[in-house]
Amino acid sequence: MDEDVTNIGLQLPFHKFCPYDGTALECVTDHGRALPHCTTCGYIDYQNPRPAVAVIICNNAGQLLLARRAAEPKKGWWDIPGGFMEPGESAEQSARREITEETGLTLEKLEYLGSLPDVYGPQAVPTINLCFLARVADQTPIAADDAAALAWFDCDHLPAQMAFAHQATMLRWAVGRIKGGES
Ligand SMILES: [Zn+2]
């Protein structure tokens, strides 16, 4: 129980103290995983990923809408509009809320493309990113909130570098779905 929780061979970061009562966490083995555990309240830091949504928006010309990040981490980098889910939301509700906040657009049909794990920010918080494709006809996006700017990109001229490692795969999924003509 006194194993150093910072040196158990996992790449993900651990809390050092219980978030409920401040007790220093000790290592416990749970289903074969070494996890930080609070001896006061029983809390175990399972390192569950934080769910986030990403929405690739496509216009009538087949272009994709990307956002320039207004804040750290990765401030100024191109990003897929979206963000972290809030308690009580479905993924679809999160997707619609985030897109309205960042672009002013109102989305109707959302097509689920898939999910990818990643990490976020200087603490390398584990995330699970749920990706949707949405098509808009005649709405004009207006950048706000976490988006410093918005731009439409042709599928063949997407940014070479995106803010987060998993996003190139999501863009490939979207382009494949759009060019495949499936709806
Ligand atoms: Zn505790």
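Residues numbered from 1 in each chain as written. Predicted model: local features only at pLDDT ≥ 70, side-chain atom pairs only at ≥ 80, totals over all residues. Heavy atoms only, no water.

Chemist: In this structure, what is going on with the nonpolar core? I would like to understand it.
Modeler: As a rule of thumb, nonpolar side chains are buried together in soluble globular proteins. Counting residues in hydrophobic clusters, the biggest one holds 19 residues, and the most contacted among them are Ile56, Leu64, Leu66, Ile80, Leu133, Met170 and Leu171. Of all the secondary structure elements, the ones that give two or more residues to this core are strand S3 (50-58), strand S4 (64-69), strand S7 (110-120), strand S8 (125-135) and helix H2 (167-179). The residues contacting Leu66, other than those within four sequence positions of it, are Trp78, Asp79, Ile80, Pro81, Ala149, Leu150, Ala151, Phe153, Leu158, Pro159, Met162 and Leu171. One finds Val55, Ile99, Phe132 and Leu150 within the second-largest nonpolar core, a separate group that totals 17 residues. (Core = buried A, V, L, I, M, F, W, Y, C linked by side-chain atoms within 4.5 Å. Buried < 20%, exposed > 50% of the residue type's maximum accessible area, 1.4 Å probe, protein only. Helix = DSSP H or I, 4+ residues; strand = E, 2+ residues; numbered from the N terminus. Contact = heavy atoms within 4.5 Å.)

Chemist: Help me out: how do you make sense of the pairing of S3 in this one?
Modeler: Sheet faces and side chains relate simply in a regular strand, where the side chains alternate between the two faces. For S3, a buried count of seven out of nine residues is recorded, marking the element as mostly surrounded by other parts of the structure. Bridge analysis of S3 against S8 gives nine bridges, and the strand direction is parallel. When the bridges of S8 are listed, Pro51 appears paired with Ile128. Pairing of S3 with S4 involves two bridges; the strand directions are antiparallel. Pairing of Ile57 across the sheet is with Leu65, part of S4. Counting the residues that bridge the hairpin from S3 to S4 gives five residues, and of these Gly62 lies at a positive phi of roughly 80 degrees. (Pairing = 2+ DSSP bridges.)

Chemist: I would appreciate a short explanation of the packing of aromatic side chains in the present structure.
Modeler: We describe a pair of aromatic rings using the distance from one ring centre to the other and the angle between the two ring planes. In the structure shown here, the tally under the stated rule is five aromatic pairs. Seen from their ring centres, Tyr20 and Tyr43 are 5.4 Å apart, and the 70 degrees between their planes marks the pair as edge-to-face. Here Tyr20, found in the segment before strand S1 (26-30), pairs with Tyr43, found in the loop between strand S2 (33-37) and S3; they are 23 residues apart in sequence, far enough to count as distant. Ring geometry for Trp78 and Phe153: centres 4.9 Å apart, planes at 80 degrees, overall edge-to-face. Residue Trp78 is found in strand S5 (residues 78-79), and its partner Phe153 is found in strand S9 (residues 147-153); the two are separated by 75 residues along the sequence. (Phe/Tyr/Trp six-rings, centres within 6.5 Å; stacked < 30°, edge-to-face > 60°.)

Chemist: Please clarify how the domain arrangement of the protein chain should be interpreted in this entry.
Modeler: Quoted interface sizes are often the accessible area lost when the parts come together. When cut into domains, the protein chain gives domain 1 (1-47) and domain 2 (50-179). For domain 1 versus domain 2, the distance between C-alpha centres works out to 33 Å. (Domains from an automatic or database assignment.)

Chemist: It is not clear to me how the side chain of Arg97 should be interpreted in this structure. Could you clarify?
Modeler: Here Arg97 lies in helix H1 (residues 91-103). On the accessibility criterion, Arg97 (17% relative accessible area) is buried. Within the local environment of Arg97, its side chain forms a polar contact with the backbone oxygen of Phe84, the two atoms lying 3.2 Å apart. Once you skip the residues sitting within four places of it in the chain, Arg97 turns out to touch Phe84, Met85, Glu86 and Glu89. (Polar contact = N/O pair within 3.5 Å; in protein donor to acceptor, adjacent residues only side chain to side chain.)

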